[in-house]
Structures are given as structure tokens and as C-alpha cells.
Amino acid sequence: MSTRAEEVRKKMAKARSERFKEAREILSEVWRSLMGKTGLILIVVLIAISIYALITMPPNIVSLWNNPKNWQFNPTVAPPAWIADLGEPVAPQVEKTLGPMMQGVTNGKMVDGIVPVVGFYQVYTLRYNLRHPAFPQGILAGIIGGKAALVGGAQPIVIPYIVVERPDGIKLIINIPTPMTLKDLLAAGVISLNPNQVAAYLAPRFNISLTVAQSEPVKLLFGKLVGSKIEPLLGTYKIDLILVYSGVDPAAMQKAVISHKSGIWRVKMVVKGSAYGLMGTDDVGHDLWLGLLFGFPAALAIGFFGAVTAALIGMVMGVISGYYGGWVDELIQRTVDVLGNIPLLPILVLVGVIVQEWNISPWARLFIIIGVLVLVSWGGLTIIVRSMVLSIKSEPYVEAARAIGASDRRIMFRHIVPQILPYVFANLVFSVPAAILTEAGLDILGIRSGLPTWGAILSDAEAYVRSGGSYAIWWWILPPGLLIGITSVAFVFLGLALETVVEPRLRRR
Amino acid sequence: MSKENHVLSSNGVIRADELRVWFPVRRSFIDALRGKPQLYVHAVDGVSFEVHEAEIFCLVGESGCGKTTTGRALLRLVERDNIYGGHVYFRPSKEAFEEVSRLAPRAVVEEGVVDLYKVPDKAMKPLRRELQIVFQDPFGSLNPRMKIGDILEEPLIIHGIGSTPEERAEIIARALETVKLTPPEEFVDRYPHQLSGGQRQRVVIARALLLNPRFLVADEPVSMLDVSIRAEILEILFELKEKHGLAQLFITHDLALARHVCDRIAVMYLGRIVEMGPTDTVIAKPLHPYTRALMAAVPEPDPRNRLRIRNVPIKGEVTSAVFLPKGCRFRPRCVAYDQTPAIRDKCDNEEPPLVEAEPGHYVACWLHAARARQTG
Ligand SMILES: Nc1ncnc2c1ncn2[C@@H]1O[C@H](COP(=O)(O)OP(=O)(O)O)[C@@H](O)[C@H]1O
Ligand code: SF4
Ligand SMILES: [Mg+2]
């Protein structure tokens with residue numbers, strides 16, 4: 001090999017290694033524009049948060065979200081806890097997982113002075129300090145550790161009591177202590193207060209009518225009457241969960257509990273606050289922080305899947321249509337015409353309704369909906385790509401490629417597609433927010449996949465307000481709304497910046 | 001052109017035979033419904049000629065008369081749908097002929113000759129190597145996104161020439177040297193827009209030469225270049241003829257240039273050849289009124305005469321290739337028609353055939369039809 005040829009080979013190899021230079025050039029030009037920079041930074045942040053979300057989120061987030069039982073310990077429609085730092089009075093959320101404070105066998109003792117006990121019993125205690133004038137939402141005990149096995153051949157029966165001792169000394173049993181088999185109790189999983197019982201207890205003490213008391217029993221529990229108004233009663237509340245076991249030999253029961261063979265040994269006691277977590281809760285008690293966090297990867301998945309597939313289909317169809325012409329072109333163009341004239345929304349609503357009836361995973365449901373969106377939305381790009389292909393096809397260098405024997409495929413992928421790729425990419429970036437917004441819009445219309453997307457959260461808020469809730473639920477409306485907006489703006493910014501970079505390059509072609 | 005029973009003479013490389021290329025004029029759907037007839041641009045309308053080995057054959061004529069289309073049709077670059085008649089016969093190299101006759105035996109016309117428009121697309125590849133083109137526009141005929149090295153490597157990859165990057169580099173280096181782009185390593189990593197027009201045209205020629213073609217169409221290869229570099233490009237084409245015996249179809253609208261470059265010349269008017277013959281003969285003794293008009297339009301080589309206002313014997317403008325007049329298509333512009341009442345009836349009603357007015361010199365005009373024997 002001559003040295004000359006060696007030089008040529010080296011130069012060519014180097015040139016080949018620089019193939020992606022153009023992509024880098026475009027990127028750096030985009031970076032230099034304010035809009036491009038803003039868009040890119042926002043998108044990088046969105047992606048980083050999505051990765052964080054995917055790593056930290058429980059893997060079964062979707063089923064977790066959709067089972068209300070998982071959220072029963074949370075207050076409902078509660079603003080974020082940090083409003084306390086802004087000076088708002090807040091009743092704190094207190095959750096404690098406890099073992100029994102006391103347990104033993106007795107032969108007729110008045111536990112807490114009001115619960116008569118014979119046999120084996122346990123007391124779990126939670127203290128709750130109400131420092132600011134706000135009302136908690138309720139009291140609940142969940143069973144965390146326990147097992148329902150026969151003791152001495154018999155199924156243990158449990159009678160649960162919840163006793164509250166208020167700062168003013170009033171002591172109340174606030175649930176209807178119903179005997180249940182241990183098995184049933186474990187299956188129920190929670191022991192909650194009974195509002196009617198609270199009302200019945202407190203109405204005579206506050207000297208108010210039962211109907212008034214029944215309207216806000218939990219307020220009565222944590223309140224005092226000032227004039228005709230109920231105001232929060234500040235101070236420390238002692239809340240006892242008392243479990244009385246019967247139907248079995250008490251000593252055997254005690255042994256079984258201590259050795260964790262049967263009975264209950266761990267309980268989560270909760271006072272639902274008036275505010276909750278970083279982002280508050282909705283009407284089910286969902287921790288909105290989790291939902292919003294999940295919304296990041298969900299939005300990007302929806303946006304990318306929708307945009308990438310629409311762009312791919314649109315580009316391939318446009319290239320085929322423009323390159324081959326004839327009846328293929330005619331067929332594709334007529335299809336685009338038809339799709340373009342189908343009213344998108346009714347179709348999506350129809351598909352959404354059908355899909356909701358199907359018993360498939362929420363992800364599958366979501367991707368079917370987005371798939372329909374893609375199916376009707378690739379046409380616009382196809383028309384543009386087709387016209388670009390028509391103009392590129394008539395360039396002499398395409399004919400030159402044919403003259404040297406290049407196959408149709410080679411001409412399409414080597415000579416035509418690289419020219420339109422930057423444009424298709426800019427178009428793709430623009431259609432990311434379109435997919436996200438469409439998904440959100442469908443959520444609002446009630447076409448739900450079942451995933452806690454930002455759109456779904458917003459639509460829950462909308463449903464809540466429409467069914468008579470107050471508009472004051474800013475923490476439930478603003479964050480998902482803003483996140484949808486910011487995400488869209490990020491992609492629109494990047495798209496605009498890309499377009500200004502790509503357009504002159506296209507013209508320079 | 002002694003044909004006997006052969007479609008190609010013994011030294012013929014390619015031959016157009018009564019070739020017709022029409023482009024349908026787009027009519028609206030409504031017009032089609034109303035039954036308006038489909039109109040056609042008769043870009044090439046019954047053209048026959050042959051190009052020999054080691055010959056530069058010129059196609060001369062005004063812009064729009066169908067020169068480029070003829071060249072593209074010879075290389076089978078025109079869609080088959082637009083071929084409304086005729087044949088293109090081509091004599092490929094022995095190896096290519098064997099391959100084609102194996103892949104598409106029906107395209108074989110006689111030993112060594114194929115009918116290009118009977119070759120199916122997938123059997124064209126071996127023939128593509130041997131049929132090359134240099135375009136008029138050196139700016140459009142190189143993909144702006146590819147570097148020169150990649151542009152030149154593409155035909156090698158397509159045809160599997162040179163199995164390693166080293167071998168291909170060797171071939172590319174040699175091709176660049178042939179077109180006098182030296183040193184070659186200076187050029188392979190540049191983009192087309194980093195080259196001058198003349199350099200680009202050399203790259204285009206180098207690309208065509210890499211495949212070692214038997215027939216080259218040079219479509220106005222210098223018309224868009226500075227006068228100063230034209231000679232160098234023409235020099236390369238000359239060399240290809242002299243050293244490699246390459247058959248070339250040289251297309252130009254410039255009769256003066258044709259006189260300088262060509263062995264034989266054909267003058268085209270509205271899709272037909274009106275006069276054809278050895279360059280010297282045609283230039284010295286133009287027979288067709290159109291050729292005479294073209295000759296008169298050529299600037300005088302003698303500067304003393306250059307400022308003389310000359311009388312170019314032609315009327316009007318080129319007429320449409322869609323609505324052709326009955327009879328001779330040159331008639332609306334013909335001065336001889338006005339001056340020769342005796343043949344007017346013929347001119348009005350019959351298309352003049354291309355006849356051999358003197359040995360090797362053909363013309364299509366009723367003025368000469370009488371004293372010539374008609375060619376087949
Ligand atoms: N692909 C095409 N489609 C439609 N009309 C064409 C096409 N190519 C050429 N023509 C028409 O055919 C005629 C001859 O064109 P062309 O061969 O380019 O002429 P020339 O090269 O002599 O200037 C012109 O009227 C031109 O408009
Ligand atoms: S045939 Fe008649 S009209 Fe045509 S060029 Fe000759 S003289 Fe003129
Ligand atoms: Mg031309």
C-alpha cells in the first residue's frame with residue numbers, strides 16, 4: 001500500500017469517527033440559546049427526578065396507590081405539614097408502632113378506670129400533644145404484628161376498646177367494643193373509633209343536641225365548647241387501645257402472645273393530623289408526594305412513548321410515501337386525510353371507555369390510549385416529511401446515488417433520512433408535551449388508566465370540587481398543574497431552540 | 001452505421017432506437033372526470049443514435065429540448081412509466097453481460113447486447129457500474145452531508161470493489177489523482193461545500209470513474225464552471241477517451257463548445273434530432289435551418305468581426321413540447337419555410353424523417369429529403 005493511500009485511509013477513518021459531529025454541533029448551538037439552555041436544564045432535572053423516583057418508589061406503587069386500605073391511616077384532603085412553619089395552626093399527624101405498654105391476667109379489674117376486665121388483656125398507649133388550635137381528623141389503630149392460631153384448641157375472642165383521656169380529665173371509650181374472633185380482627189386489620197358513639201357520649205356532656213354532635217364528633221372529641229362554638233382543646237391526650245382476650249385459658253393466652261404463637265403483639269396507633277407530609281393528601285388519603293413523584297417517570301414515559309412512536313411512524317410513512325410515489329403514496333396520503341378528519345377526542349373517549357372496562361394492567365391501559373393517540377396523530381409529520389422527501393429526491397445527488405447502483409433502501413437511509421432527521425427530531429420534541437397534555441386531558445374527562453399520573457391527580461381534585469368540595473385545596477391542584485406546565489414548557493423551549501437551529505440547516509441543504 | 005442484422009455496430013457501445021420519453025402533464029381530478037385528454041410533455045420524441053467506443057458524441061440544442069432527458073433515459077434513470085416507446089441497446093463488458101444474461105435472459109437482444117429497459121431493477125446492478133453520469137450542477141450532485149471520502153467510497157461498497165478499507169483507500173487515492181485532485185488526502189475529509197465548483201466537478205468525475213464505466217454521460221459538465229477551469233475538466237474527458245477508449249455522450253447547449261469537444265454531433269429540437277453527423281461536416285455545412293440559425297448565433301472567433309450585428313435566421317421562441325404543430329415541429333420558427341413555398345405542403349402535414357443527405361450526415365428537413373435516401 002502506498003503511503004499516499006495510507007494517508008487517505010487515515011483521514012477517512014478519522015472522518016468516520018466524527019460522524020456524530022453534527023448532532024453535537026446542533027446540541028451546542030441549542031445550548032447557546034437561552035431558551036434551549038432553559039429547556040435542556042429543565043429536561044435534565046425532570047429526568048434526574050424520574051430516575052430518583054424509579055429507584056426510591058415501592059415497586060408495586062400502582063396497586064399500592066389504588067388500594068384505599070393503604071391510605072386509611074392518613075388524613076384526607078389535608079394540606080402539607082409544612083404550612084405549620086408558615087404560622088398556620090396545625091394538629092400534627094402522629095403515628096407510632098408499639099408493643100403493649102402493659103399486659104397480664106386479671107380477675108376483674110377496671111383498666112383505665114372504665115374498662116372491666118376478666119382474663120388476659122393488653123394495653124397499648126399513645127400520647128398526643130395538641131399545641132395549636134386545630135382539630136385532628138381522627139384516631140385509628142392498625143394491627144401490625146399478630147397471628148390467629150388456636151389456643152388450647154379454641155379460637156381466641158378479642159374485645160378491643162379505645163379509651164381516650166382528655167386534658168380536661170374526661171375519659172371516654174370511643175368505639176363500640178364488639179367481641180370478634182382473633183382471626184376476624186386480624187383480617188379487618190384496624191380498629192377505629194365510632195363517630196356515633198363519640199357523639200352519643202359527648203352530646204350530654206357538652207349539653208348539645210345529638211344531631212349537632214353527630215355532625216362533627218371528632219371535633220367534639222378534641223374540642224371544648226366556647227359559647228356555641230367548638231374550639232380545639234389544647235393539651236396532652238392519652239389514648240389507650242385495650243385488647244381483652246376471652247374464650248381461652250388466660251394463662252395459655254399470655255404464653256401464646258409472649259412467644260408470638262397467637263394473639264397480637266404490635267400495633268400502629270395513629271392520630272390523623274390536620275396536615276400531612278410534604279405535599280398533603282387527597283380525599284382518599286393518598287400521600288400526594290408519592291403520586292407527584294411517580295408522575296415524573298410516568299409523564300416522561302407517556303411523552304416519549306407517544307412522541308417517539310408518532311415520529312417514527314410519521315417519518316417512515318412520509319419517506320415511503322414521498323420516495324415510492326404512485327399508489328403507495330396515494331394510499332398513505334388518503335389514510336392521512338381520513339385520520340386527519342377523524343375527530344380525535346370522541347375516538348379517544350370511546351377507546352378510553354372501552355379500555356376502562358377491560359381487566360388489564362393500568363400500564364397496558366395507558367399504552368393503548370397513547371397508542372390510539374399516536375395512530376391518529378402521525379399524519380401531520382408524514383405530510384411534511386413527504387414534501388421534504390419529494391424535494392430531496394429530485395436532488396441530483398440522489399440520482400447520482402441511483403446511477404452508482406445504490407438500492408432504494410440505501411438511498412432512503414443514507415441520503416434522504418439523514419437530511420430530515422434533525423427536523424423530525426425537533427418535531428418529536430414538540431410532540432412530547434402534546435402526549436402528556438392529552439393524557440392529562442383524558443384524565444380530566446374521566447378516561448383513566450388507573451396510574452397516579454399528574455393528570456389523574458388533577459382530575460381527582462376536579463371531581464372532588466365538583467362533588468361539593470372546597471376550592472381551597474391548592475396543594476392538590478397547583479403542584480400537578482404546575483408540573484404538567486413546566487414539563488410542557490421545557491420541551492416546547494427545547495423544540496423552539498432546536499427548530500431555530502435546524503431550520504437554516506435545512507434551507508442550506 | 002452499417003447495421004445489417006445487428007442492433008449495435010461492431011464498435012457501438014450504446015444505441016437509442018426510436019426512443020420516446022413523455023412526461024404526463026398533471027391534470028386536475030375534475031379535468032380527468034370531464035374527460036379532458038391526458039397531455040404529455042414530449043421531452044424525447046423518437047430519437048435514434050449510437051455512441052461508439054472512444055468517441056465523444058455531442059447532443060446540442062436549446063435548453064428544454066430534451067438533452068438531459070435523453071441522457072438520463074440512456075442510463076435508465078428515467079422511470080419506466082415515462083418511456084413511451086423505443087429501446088436502449090447497450091453492450092456491457094463480458095463479465096457484466098454474462099451476469100445479466102444469467103439474471104435476466106430476456107433482456108439479451110443479441111450476443112453481447114442487452115435491451116436496458118428489459119432488464120428488471122434487481123438485475124441492473126452489474127450494469128450500473130458501466131453506465132455513469134456527470135451532472136451539470138456540481139453543487140447539487142454531491143450529498144452535502146457526506147465527506148468526499150465517504151462519497152467516493154460509496155460506489156466501491158455498493159459494488160464490493162476493494163474488500164478492505166486499505167484497498168478502497170488505494171483506489172480512491174488513485175481516482176483523485178486521475179482527476180488531478182492532489183494530494184488526495186487533502187480532499188477526503190472535506191465536505192463538498194469546502195470545495196470550489198471545479199474541484200467538486202472533479203470529485204463527481206472521480207466517482208464516475210471509480211467504477212470503470214464503459215459509457216459516460218457528461219451533462220453540460222462545464223456550463224456552471226468558471227471559464228478558467230473548463231479546459232482542465234474537458235482535458236480529463238479527452239484523456240478518458242484517448243487513454244481508456246471511454247464512449248461519452250457530451251450534452252451542451254453551446255455549439256462552439258461542441259465543435260471543440262466532439263467527434264460527432266447531433267442537434268436536437270423539441271425532442272427530436274434534426275441533424276446529425278461528424279462535427280466538422282455539420283459545422284462546415286449545416287443543412288437544417290435550425291442548425292444554421294444556431295451556427296449564426298455562435299460568437300465569431302475573430303474579434304474584428306465580433307461586433308458586427310449578424311442576422312440570425314430564426315423567428316419567435318421555442319414552442320411548447322406539449323402542443324406540437326402538425327407536420328414539422330420547427331415550422332413556426334422556420335425561415336426556409338417562408339422562403340420555399342414549394343415544400344410548404346409537406347412541412348405543414350408530415351414530420352420530416354431523418355435521412356442521410358450525404359455519407360454519415362443526416363438531416364430531418366423536407367428541403368433535403370428529396371435528394372437523400374431515407375434511413376431505416
Ligand atoms: N421529470 C420530469 N417531469 C416532467 N417534465 C420533465 C421532467 N424532466 C424533464 N421534463 C421536461 O422535459 C423537457 C425536456 O427537459 P430536459 O431534458 O431537461 O431538457 P434540456 O436538458 O435539453 O434542457 C422540458 O420541457 C422539461 O420541463
Ligand atoms: S421541414 Fe420545412 S419547416 Fe421543417 S425545417 Fe425543413 S423547411 Fe423548415
Ligand atoms: Mg439539461
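Residues numbered from 1 in each chain as written. Chains lettered and ligands numbered in written order. Predicted model: local features only at pLDDT ≥ 70, side-chain atom pairs only at ≥ 80, totals over all residues. Heavy atoms only, no water.

Some details on the overall build of chain A
Alright, step 1. Within chain A, the secondary structure is distributed over 18 helices and 12 strands.
Alright, step 2. The C-alpha radius of gyration computed for chain A amounts to 33 Å, which surpasses the reference 23 Å derived for 509 residues by more than 25%, pointing to a less compact arrangement than a globule.
Alright, step 3. Looking at chain A residue by residue over its 509 residues, the buried ones come to 48%.
Alright, step 4. The long-range share in chain A, meaning contacts at least 24 apart out of those at least 6 apart in sequence, stands at 76%.
Alright, step 5. Total accessible area computed for chain A in this model is approximately 23200 Å², and 63% of it derives from carbon and sulfur atoms.
Alright, step 6. Within chain A, the 33 negative side-chain charges are centred at a point lying 7 Å from the centre of the 44 positive side-chain charges. (Helix = DSSP H or I, 4+ residues; strand = E, 2+ residues; numbered from the N terminus. Rg over C-alpha atoms; globule rule 2.2 N^0.38 Å. Buried < 20%, exposed > 50% of the residue type's maximum accessible area, 1.4 Å probe, protein only. Contact = heavy atoms within 4.5 Å. Areas by Shrake-Rupley, 256 points an atom, 1.4 Å probe, with all protein chains shown as cover. Lys, Arg positive; Asp, Glu negative; His and termini not counted. Charge placed at Lys NZ, Arg CZ, Asp CG, Glu CD.)

Points about the overall build of chain B
Alright, step 1. From N to C terminus, chain B includes 15 helices and 14 strands.
Alright, step 2. Rg of the C-alpha trace for chain B: 22 Å, near the compact-globule value of 21 Å for 376 residues, within the 12% margin.
Alright, step 3. Viewed in the frame of its principal axes, chain B has a C-alpha envelope of about 70 × 55 × 50 Å.
Alright, step 4. Split into buried and exposed, the 376 residues of chain B put 55% on the buried side.
Alright, step 5. When contacts within chain B are restricted to residue pairs at least 6 apart in sequence, those whose partners lie at least 24 apart make up 65%.
Alright, step 6. As displayed, chain B offers around 16700 Å² of accessible surface, 51% of which is attributable to carbon and sulfur atoms.
Alright, step 7. Charge separation in chain B, taken as the distance between the mean sites of 51 positive and 51 negative side-chain charges, equals 6 Å.

Some details on the domain arrangement of chain A
Alright, step 1. As far as domains go, chain A holds domain 1 (25–60 + 286–508) and domain 2 (90–272).
Alright, step 2. Computed from C-alpha coordinates alone, the two centres of domain 1 of chain A and domain 2 of chain A are separated by 53 Å. (Domains from an automatic or database assignment.)

Points about the packing of aromatic side chains
Residues and elements named next belong to chain A.
Alright, step 1. Applying the stated criterion across every chain yields a total of 20 aromatic pairs over all chains.
Alright, step 2. Here W82 and W474 contribute two aromatic rings whose centre-to-centre distance is 5.9 Å and whose plane-to-plane angle is 50°, an arrangement assigned as tilted. Placement of the pair is W82 in the loop between α4 (61–66) and β1 (94–98) and W474 in helix α18 (residues 474–508), with a sequence separation of 392 residues.
Alright, step 3. A centroid spacing of 4.9 Å and a plane angle of 90° characterise the contact between F296 and W454, whose relative ring orientation is edge-to-face. Linking F296 in helix α10 (residues 288–324) with W454 in helix α17 (residues 454–466), this pair joins segments that are 158 residues apart in sequence. Per residue, the accessibility class of F296 equals that of W454, and both read buried.
Alright, step 4. Within the aromatic cluster, the residues linked to one another by ring pairs are F294, F305, W363 and F367. (Phe/Tyr/Trp six-rings, centres within 6.5 Å; stacked < 30°, edge-to-face > 60°.)

A word on the sheet that holds β1(A)
Residues and elements named next belong to chain A.
Alright, step 1. The four strands are arranged β1-β12-β4-β8 in an open sheet whose pairing can be described as antiparallel. Sheet topology places β1 and β8 (190–192) at the edges, where each strand pairs with a single neighbour. Strand-to-strand twist in this sheet, taken as the mean axis angle between neighbours without regard to direction, amounts to 20°.
Alright, step 2. Relative to β8, strand β4 (residues 138–147) runs antiparallel, the two sharing three bridges. For A141, the partnering residue across the bridge sits in β8 and is I191. (Pairing = 2+ DSSP bridges. Axes fitted to C-alpha atoms, helices over the stretch in contact; angles between N-to-C directions.)

Quick word on the packing of α10(A) against helix α14 (residues 379–393) of chain A
Residues and elements named next belong to chain A.
Alright, step 1. Orientation of α10 relative to α14, taken along the N-to-C sense of each, is 40°, at an axis distance of 7 Å. When the axis of α10 is compared with that of α14, the two are oblique. Considering how the two elements wind past one another, α10 and α14 form a crossing that is right-handed. The residues of α14 that touch α10, namely those facing A310, A311, I313, G314, M315, M317, G318, V319, S321, G322 and Y323, are L381, T382, V385, R386, V389, L390 and K393.
Alright, step 2. A breakdown of the residues in the contact of α10 with α14 according to their chemical character gives 11 nonpolar, five polar and two charged. (Parallel < 35°, antiparallel > 145°, perpendicular 65-115°, else oblique. Left-handed = near helix turned anticlockwise from the far one by under 90°. Nonpolar A, V, L, I, M, F, W, Y, C, P; charged D, E, K, R; others polar.)

A short note on the state of the cysteines
Residue and element names in this part refer to chain B.
Alright, step 1. Counted according to the given criterion, the structure contains one disulfide over all chains.
Alright, step 2. One disulfide bridge connects C58 with C262, the sulfur atoms lying 1.4 Å from each other. Highlighted residues: C58 in strand β3 (residues 56–60) and C262 in the loop between α9 (255–261) and β10 (264–269), separated in sequence by 204 residues. (Disulfide = S-S within 2.5 Å.)

Looking at the site of ligand 1
Residue and element names in this part refer to chain B.
Alright, step 1. In the neighbourhood of ligand 1, the contacting residues comprise F23, V41, A43, E62, S63, G64, C65, G66, K67, T68 and T69.
Alright, step 2. Residue G64 places a main-chain N or O atom 2.6 Å away from an oxygen atom belonging to ligand 1.
Alright, step 3. Between ligand 1 and the protein, one listed contact pairs an oxygen atom with a side-chain N or O atom of T69 at 2.4 Å.
Alright, step 4. Computed on the free molecule, ligand 1 has an accessible area of 560 Å², of which 62% lies beneath the protein chains in the complex.
Alright, step 5. Split by residue class, the shell around ligand 1 holds four nonpolar, five polar and two charged. (Near = heavy atom within 4 Å. Polar contact = N/O pair within 3.5 Å; in protein donor to acceptor, adjacent residues only side chain to side chain.)

What to know about the interface of chain A and chain B
Alright, step 1. The partner chain B presents 38 residues to the 32 residues of chain A that form the contact.
Alright, step 2. Around 3100 Å² of area is buried between chain A and chain B when both sides are counted, 57% of it from carbon and sulfur atoms.
Alright, step 3. Of all residues in chain A, M12(A), E399(A) and I404(A) give up the largest surface area on contact with chain B, accounting jointly for 21% of the area buried on that side.
Alright, step 4. Note that R410(A) and E154(B) form a salt bridge whose closest N and O atoms lie 2.9 Å from each other.
Alright, step 5. Taken together, the connections running from chain A to chain B amount to 11 residue pairs in polar contact (both at pLDDT 80 or more). (Buried area = accessible area lost by both parts, 1.4 Å probe. Salt bridge = Lys/Arg side-chain N within 4 Å of Asp/Glu carboxyl O.)

Let's talk about the pattern of salt bridges
All names here are of chain A.
Alright, step 1. On inspection of all chains with the given rule, the structure shows 39 salt bridges over all chains.
Alright, step 2. As a salt-bridge pair, K268 and E95 come within 3.7 Å of each other at their nearest N and O atoms. Note that K268 is positioned in strand β12 (residues 263–272) and E95 in strand β1, a separation of 173 residues in sequence.
Alright, step 3. The exposure class of E95 is partly exposed, given its relative accessible area of 35%.

Quick word on helix α6 (residues 195–206) of chain A
Residue and element names in this part refer to chain A.
Alright, step 1. When the terminal C-alpha atoms of α6 are compared, their 16 Å separation across 12 residues agrees well with the 16 Å that a helix rising 1.5 Å per residue should span.
Alright, step 2. All of the buried residues along α6 are Q197, V198, A199, L202, A203 and F206.
Alright, step 3. The secondary structure elements touched by the buried residues of α6 are β6 (171–173), α7 (210–215), α8 (217–221) and β9 (223–226).
Alright, step 4. Near the N-terminus of α6, the side chain that reaches the backbone nitrogen of N196, with its oxygen 2.9 Å away, is that of N194.
Alright, step 5. Phi for N207, located one or two positions after α6, is positive at around 65°. (Expected span 1.5 Å × (residues − 1).)

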